Amino acid sequence: MPTEILMPALSPTMEEGTLAKWLVKEGDTVFSGDLLAEIETDKATMEFEAVDEGVVGKILIAEGTEGVKVNTPIAVLLEDGESADDIDASTEPKQGDADSHAEPATPKAETLPAKGYGDDAGAAQQAKGGDAAPASSGGSGASGDRVFASPLARRIAADKGLDLSQIQGSGPNGRIVKADVESAKPGQKPAAAASSTEKAAQEPKAETGKSPIAEPAAPGAQAEQIRKMYADRDYEEVKLDGMRRTIAARLTEAKQTIPHFYLRRDIKLDALLKFRSQLNKQLEARGVKLSVNDFIIKASALALQAVPDANAVWAGDRVLKLKPSDVAVAVAIEGGLFTPVLRDAESRSLSSLSAQMKDLAKRARDKKLAPHEYQGGSFAISNLGMFGIDNFDAVINPPHGAILAVGAGVKKPVVNAEGEVEVATVMSVTLSVDHRVIDGAMGAELLKQIADALENPMVMLA
Amino acid sequence: MSFGIGMTYALAAAEKLAEDGIEAEVIDLRTIRPMDTDAILESVKKTNRCVTVEEGWPQGSVGNYISSVIMQEAFDHLDAPVINCTGKDVPMPYAANLEKHALLTTDEVVEAVRKVTYK
């Protein structure tokens, strides 16, 4: 019997992804372990391998399709001696099970709910804990993922480029009918109010004109208003990719829900720079070159061990105190950023941290990180010193307890212990702290530990 | 869509519906075979829905055939399932009171039209 290949969950939290690229075509023979497709999750692009061997009979989801839900059939694999004709026979009874004999699903119809503008709303809700996610499925709420729509409604939606999953159906079983798609505008959120008024309305056309305006919060309507403001200006519209959506949702969540407070401190770098150049000279033969950032990672990891209560993350209704120091480091990449996590950083040598950081940063730029490499961690470091930034305040990457914003090391006049003015290389850092997890004094102690380690770098070798 | 005696129900129902602001297009097929399927399809493409009206049993009715033609030829124009209004699926009773119940009524046609127009 032909086997359906389902959209894989490439990380524990993945609910949907983009089918970035097919690496096989219909008719290709594949063996277990062969690469089938590249799938883009919210952050990384992952390769998807075949589990069984067989011939790719049919590709159900075209490449480039966004928001493909996990476990959606994406292709059909045929075993020996089967032909493409067997596909219908095996896939159709399955659709019958889903109580949809009134509307046999064509592959085209299957992909329809995946396209769409409303996805960002869904992503934001997922990032907020997922409680609201089921409500966003609109007309399909009554029966899982299946969207009920009349054939005519499907055709009109396809012509207008509407996402049926975002439309609230007013017919029996939440069926989307002509009146619903005609009143819907691209990118409109489920308009529950609109459909109920239509039911009563004698002249649906007159009524439907009002419904989009009744939804000022809809992302589509907002974009419409903003576009209007720039109607006479020259601009380019950039569609949001998964990463941009995730950044927008998570950082909005962070700034709106995390009670940030900020601790600033200057750290004298002269000892560290001297120590680093000595070390690097000796390590040259091994091909190791330590950066200041590597020391900051190590210092942070040690500080988290020294102040174990600060090595914690906020988990909604409780705090998780971590034993190992898992330090995330923000890496800027084209079109966004990643925060790969260096696990057990407190027990690792500087050279091994340095090597892993280089590897992670390189793969982050190629978008080849596996989800477990950028998820987790309790503490993050964001370093903009190389861009000449003196100091800045970073936004906490939830659920982390804190993030260290690192500025450039610059030569400044400072007053030393003897009361004399001298020139020192000073790096200004800001620790952004989640007050739900870490209180002021504890945050100050954490920052002191980081500063002490960096000002007396020898301790990092101990 | 109707023909023969079914037209009395169809026209009466259309009058009733017009009072509620539902404008129905009534087609008298005149002949069952040959059937004017072009007129049927044209009407469905215009209204996106169809109710067939006839006396007789539901199984193997003319309306069944009309439904299948519409489904095959104008599937993408349908906004609702086609409803066949027929007599009840019972042997025709001799008792006058029972006969009345076995026959199609105008109200059933009106109800069917409301169903396919979602009103």
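Residues numbered from 1 in each chain as written. Chains lettered and ligands numbered in written order. Predicted model: local features only at pLDDT ≥ 70, side-chain atom pairs only at ≥ 80, totals over all residues. Heavy atoms only, no water.

### Considering the sheet that holds strand E7 (residues 65–69) of chain A
All names here are of chain A. With respect to topology, 4 strands assemble into an open sheet ordered E5-E4-E2-E7, the strand pairing being antiparallel. Two strands close off the open sheet at either side, each with one partner strand: strand E5 (45–49) and E7. Neighbour-to-neighbour, the strand axes of the sheet open up by a mean angle of 40 degrees, direction not taken into account. For strand E4 (residues 35–40) and E5, the ladder comprises 5 bridges, and the chain directions are antiparallel. Note on E5: the bridge partner recorded for Glu 38 is Glu 47. (Pairing = 2+ DSSP bridges. Helix = DSSP H or I, 4+ residues; strand = E, 2+ residues; numbered from the N terminus. Axes fitted to C-alpha atoms, helices over the stretch in contact; angles between N-to-C directions.)

### A word on the sheet that holds strand E8 (residues 73–78) of chain A
All names here are of chain A. Read from one edge of the open sheet, 4 strands run E1-E8-E6-E3, paired in antiparallel fashion. In this open sheet, the two strands that pair with only one neighbour each are strand E1 (3–6) and strand E3 (29–30). Pairing of strand E6 (residues 54–59) with E8 involves 4 bridges; the strand directions are antiparallel. Residue pairing across strands places Val 56 opposite Leu 77, the latter belonging to E8.

### Quick notes on the pairing of strand E17 (residues 402–415) of chain A
Residue and element names in this part refer to chain A. In this structure, strand E16 (residues 379–383) lies alongside E17, joined through 5 bridges in parallel fashion. Along E17, the bridge assignment pairs Ala 380 with Ile 403. Note that E17 and strand E18 (residues 421–434) share 12 bridges and pair antiparallel. Bridging across to E18, Ala 405 finds its partner in Thr 430. Between E17 and E18, which pair antiparallel one after the other, the connecting turn spans 5 residues, and Gly 419 there sits at a positive phi close to 80 degrees.

### Digging into the interface of chain B and chain A
Contacts between chain B and chain A engage 13 residues on the former and 12 residues on the latter. Buried area between chain B and chain A, both sides added, is near 1,000 Å², and the carbon and sulfur share of it is 52%. When the area that chain B buries against chain A is broken down by residue, the three leading residues are Asp 76, Asp 79 and Tyr 118 of chain B, summing to 48%. Across the contact surface, chain B and chain A share 0 salt bridges. Joining chain B to chain A, the criterion identifies 7 residue pairs in polar contact (both at pLDDT 80 or more). A class-by-class count of the residues in the side of chain B that touches chain A yields 5 nonpolar, 3 polar and 5 charged. (Contact = heavy atoms within 4.5 Å. Buried area = accessible area lost by both parts, 1.4 Å probe. Salt bridge = Lys/Arg side-chain N within 4 Å of Asp/Glu carboxyl O. Polar contact = N/O pair within 3.5 Å; in protein donor to acceptor, adjacent residues only side chain to side chain. Nonpolar A, V, L, I, M, F, W, Y, C, P; charged D, E, K, R; others polar.)

### Some details on the packing of helix H11 (residues 292–306) of chain A against helix H14 (residues 440–455) of chain A
Residue and element names in this part refer to chain A. One way to put it is that H11 packs onto H14 with a least axis distance of 8 Å and a crossing angle of 135 degrees. Relative to H14, the element H11 lies oblique. Once H11 is placed against H14, the crossing between them reads as right-handed. For the pair H11 and H14, contact is made by Phe 295, Ile 296, Ala 299, Ser 300, Ala 303, Leu 304 and Ala 306 and by Leu 446, Gln 449, Ile 450, Ala 453 and Leu 454, respectively. Class assignment of the residues belonging to the contact of H11 with H14 gives a composition of 10 nonpolar, 2 polar and no charged. (Parallel < 35°, antiparallel > 145°, perpendicular 65-115°, else oblique. Left-handed = near helix turned anticlockwise from the far one by under 90°.)

### Some details on the confidence of the model for chain A
Residue and element names in this part refer to chain A. Residue-level pLDDT values for chain A average 78, and 77% of them are 70 or greater. Across residues 89–143, confidence stays below pLDDT 50; counting only partners more than four residues off in sequence or on other chains, it has 77 contacts. Overall, residues 188–218 carries pLDDT values under 50, and its contacts beyond four positions in sequence, including any with other chains, amount to 40 contacts. (pLDDT = per-residue confidence, 0-100.)

### Remarks on the nonpolar core
As a rule of thumb, soluble globular proteins bury nonpolar side chains together. Residues and elements named next belong to chain A. Core analysis: the biggest nonpolar cluster contains 56 residues, and Phe 295, Ile 297, Phe 379, Leu 404, Leu 431, Leu 446 and Leu 454 have the highest contact counts within it. By residue number, the principal contributor to this core is H11, which donates 7 residues. Contacts of Leu 431, omitting those with residues within four sequence positions, involve Phe 261, Tyr 262, Leu 263, Phe 379, Ala 402, Ile 403, Leu 404, Gly 443, Leu 446 and Leu 447. Residues Ile 5, Val 68, Ile 74 and Ala 75 belong to the second largest nonpolar core, which totals 21 residues. (Core = buried A, V, L, I, M, F, W, Y, C linked by side-chain atoms within 4.5 Å. Buried < 20%, exposed > 50% of the residue type's maximum accessible area, 1.4 Å probe, protein only.)

### Notes on the environment of Lys 69 of chain A
Residues and elements named next belong to chain A. As for its position among the elements, Lys 69 is in strand E7. With 54 residues separating them along the chain, Lys 69 and Glu 15 place their C-alpha atoms 5.9 Å apart. Apart from residues lying up to four places away in sequence, Lys 69 is in contact with Met 7, Glu 15 and Glu 16. A polar atom in the side chain of Lys 69 sits 3.1 Å from the side chain of Glu 16.

### Observations regarding the packing of aromatic side chains
Residue and element names in this part refer to chain A. In this structure the tally under the stated criterion is 2 aromatic pairs over all chains. With a centroid separation of 6.1 Å and 65 degrees between ring planes, the pair formed by Phe 275 and Phe 295 is classed as edge-to-face. Note that Phe 275 is positioned in helix H10 (residues 270–283) and Phe 295 in helix H11, a separation of 20 residues in sequence. Each member of the pair Phe 275 and Phe 295 is classed as buried. Ring geometry for Phe 338 and Tyr 374: centres 5.3 Å apart, planes at 55 degrees, overall tilted. Highlighted residues: Phe 338 in strand E14 (residues 336–338) and Tyr 374 in helix H13 (residues 371–374), separated in sequence by 36 residues. (Phe/Tyr/Trp six-rings, centres within 6.5 Å; stacked < 30°, edge-to-face > 60°.)

### Remarks on the pattern of salt bridges
A pair can form between side chains of opposite charge whenever their charged atoms are brought close. One pass over the full model with this rule turns up 19 salt bridges over all chains. Between Lys 16 of chain B and Asp 107 of chain B there is a salt bridge, with the nearest N and O atoms lying 2.6 Å from each other. Separated by 91 residues along the polypeptide, Lys 16 of chain B in helix H1 (residues 6–19) and Asp 107 of chain B in helix H5 (residues 106–117) bring together distant segments of the chain. A salt bridge links Arg 114 of chain B to Asp 20 of chain B; the shortest N-O distance between them is 2.2 Å. With Arg 114 of chain B in helix H5 and Asp 20 of chain B in the loop between H1 and helix H2 (37–47), this residue pair connects regions lying 94 residues apart in the sequence. Members of the salt-bridge network, linked through shared partners, are Glu 66, Lys 239 and Arg 245 of chain A.

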